[in-house]
2 protein chains.
Amino acid sequence: MDAHAAEDPKGFEKVFAFLREQLLDGTLKPGDRLIAERELAVQLGVSRPIVREALRALHMLGIVEIRDRIGTIVKRPDISMLKDFFALALAQQADLIDDVMEARIAIECQAIRLACERAMIADFERLQRALVRIGATIDEAEAGSLADYDFHRAIVLASRSQTLAVLHDSMSTLLARSHRSRRELVQMFGSMKTYLIEDHRRVFDAIVARDPDRAEVTLRRHFAIGDEYRRRAALGDGDRGEPTTG
Amino acid sequence: MDAHAAEDPKGFEKVFAFLREQLLDGTLKPGDRLIAERELAVQLGVSRPIVREALRALHMLGIVEIRDRIGTIVKRPDISMLKDFFALALAQQADLIDDVMEARIAIECQAIRLACERAMIADFERLQRALVRIGATIDEAEAGSLADYDFHRAIVLASRSQTLAVLHDSMSTLLARSHRSRRELVQMFGSMKTYLIEDHRRVFDAIVARDPDRAEVTLRRHFAIGDEYRRRAALGDGDRGEPTTG
DNA sequence: TCATCGTATTGGTCTGACCAGAACAAAAAA
DNA sequence: TTTTTTGTTCTGGTCAGACCAATACGATGA
């Protein structure tokens, strides 16, 4: 069986194209279980490992869910796949920290605006809890860092935007380690404790007030001040009180 | 054989995690050629097909390039692979558009702020060119849409942020389709021509003035108005002049 | 020195096999 | 009849070993 009755595409590409076709034209819809690997292999005249490569590829794209001993089913595309992508992709850029931080600010500033419109009771509660924990863990680097993360995460979740949430989560993962080290600044600057607590409070208040403009401005200022602290730390300066944003 | 000396992840996950690790901590940098499939299989105690699945996965994520008979090399992440994802995702979940649009707005608003600080001559020129083309192609759906895209793209490029650029490009791809259709509104609303030209001009001016606040506000308003036009079109309304942002 | 040739190496693919759990239907028990 | 049990079958998950084709590179010959 030479069987190159089939034309151009070869191996993997053939299978992938075959499936993509059906996914694009609606032959395969979310919830559908597609034919078994073995049969697919036979139908397309390729080996099973090749079929599996294609299925794995679709899985990485979040298009398909491979359930052990059940089958491969089409699922509603989920951007959460971007998590792996961004984590890896952004890790390749040397000076990414600042770069990624800018993107994170972008995400959060948009999120907080949407949060002002869409936040529900549960969101306020989550923000409130995080706020309390920020105060309670102000002297602990690890727990404090986590509380801080949770607060910002809560903002994004309150935006009710899946895309923003995924992007934010991806970047947070990437920034996690620099966050931890940055968090040690708290030990250096006494005034930073006040800043951390008060500033988050102000952000929270703005959201509760459902004032997008104020919320965004406050959040931007929050980031700017944090950045200023970090800059000072880099210069080895001691504590000189709260920095002011230019 | 037993061989689960390590009971951690199994098969694919093991290989993928192994590579991801090295990619994240910098052991593997763009340009590096990673060990051959066969040896990788031996080292991790898995079969080659499994290794290939993992490599294919990384390839789908645009992290790695598999060169026939040469080897697998780490490349600078390329979002172009995400086009597959976007195409498929959109084909099955059209309601993603609004969600992604929000994220795009987030990116651009941050980008335009940075652009105000960092834009250089070349950036202004690119913006200028796009602006001219927007005016020149106002009656052409296809070319007009492209000019519009280029203008917004130019904003992001002027921010000099690679991360923002990558995110923006990813989402633009996804939105390209809806953009085109939305663009057909131009034929419907006479006033929209004015809006398209004037509004982009205002945005441009704000960047040239290097006024971040004004630039962001103008851009947000730009999106809001466009959204309003789209809403009207959905309602089948005729042209009633320029909409005002609430 | 330069051109040619081989061989080891690499990705690309195939075949056929085994495992373990899920599905489902037939058979046995209540 | 209803319930339980028991298989057989199907599925994905994995493996082993093999062949092909083209490349890289050193050895060989001109």
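That block above? That's the structure.
Predicted, not measured: the structure shown is a model, and the values here were computed from it. (Residues numbered from 1 in each chain as written. Chains lettered and ligands numbered in written order. Predicted model: local features only at pLDDT ≥ 70, side-chain atom pairs only at ≥ 80, totals over all residues. Heavy atoms only, no water.)

So, the relation of the copies chain B and chain A
Two chain copies, one operation linking them: a rotation about an axis together with a shift along it.
Then, number 1: Once turned by 178 degrees and shifted 0.6 Å along the axis, chain B lies on chain A with an RMSD of 2.4 Å. Expressed as an axis order, the relation between the two copies is that of a two-fold axis.
Then, number 2: Most of the interface of chain B is mirrored in chain A: 94% of its interface residues are interface residues there too. (Least-squares fit on C-alpha atoms with pLDDT ≥ 70 in both. Contact = heavy atoms within 4.5 Å.)

A few points about the pattern of salt bridges
Then, number 1: This model, assessed by the stated rule, comprises 41 salt bridges over all chains.
Then, number 2: The partner of A:R113 in a salt bridge is A:E216, with the nearest N and O atoms 2.4 Å apart. Linking A:R113 in helix α5 (residues 96-118) with A:E216 in helix α11 (residues 212-235), this pair joins segments that are 103 residues apart in sequence. Here A:R113 and A:E216 have matching classes, each one buried.
Then, number 3: B:E108 is paired through a salt bridge with B:R104; the nearest N and O atoms lie 2.7 Å apart. You can see B:E108 and its partner B:R104 sitting in helix α5 (residues 96-118), four residues apart, about one turn around the helix. (Salt bridge = Lys/Arg side-chain N within 4 Å of Asp/Glu carboxyl O. Helix = DSSP H or I, 4+ residues; strand = E, 2+ residues; numbered from the N terminus. Buried < 20%, exposed > 50% of the residue type's maximum accessible area, 1.4 Å probe, protein only.)

A short note on the protein's contact with DNA strand D
Then, number 1: Taken together, 24 residues lie near DNA strand D, and A:R38, A:R48, A:R52, B:S47 and B:R69 sit nearest.
Then, number 2: Backbone sugar and phosphate groups make up 61% of those atoms of DNA strand D lying within 4 Å of the protein.
Then, number 3: At 3.0 Å from a phosphate oxygen of DNA strand D is found a main-chain nitrogen or oxygen belonging to A:E37.
Then, number 4: The contact in question runs from a sugar or linking oxygen of DNA strand D to an N or O atom on the side chain of B:R69, over 2.8 Å.
Then, number 5: When residues of the surface near DNA strand D are traced back to their parent elements, those giving at least two are α2 (37-44), α3 (48-60), β2 (64-67) and β3 (71-74) of chain A together with α3 (48-60) of chain B.
Then, number 6: Of the residues forming the surface near DNA strand D, the biggest block, three residues, is contributed by α3(A).
Then, number 7: Here the residues of the surface near DNA strand D are counted per class, giving seven nonpolar, five polar and twelve charged. (Near = heavy atom within 4 Å. Polar contact = N/O pair within 3.5 Å; in protein donor to acceptor, adjacent residues only side chain to side chain. Nonpolar A, V, L, I, M, F, W, Y, C, P; charged D, E, K, R; others polar.)

Details of the sheet that holds strand β1 (residues 33-34) of chain B
Residue and element names in this part refer to chain B.
Then, number 1: What the three strands build is an open sheet, ordered β1-β3-β2; its pairing is antiparallel. Of all the strands in the sheet, the pair left with one neighbour each is β1 and β2 (64-67).
Then, number 2: Looking at chain direction, β1 and strand β3 (residues 71-74) are connected through two bridges and run antiparallel. Paired with L34 across the strands is T72, a residue of β3.
Then, number 3: Sitting on the sheet, α3 is in contact with β1, β2 and β3, with an inclination near 120 degrees to β2. (Pairing = 2+ DSSP bridges. Axes fitted to C-alpha atoms, helices over the stretch in contact; angles between N-to-C directions.)

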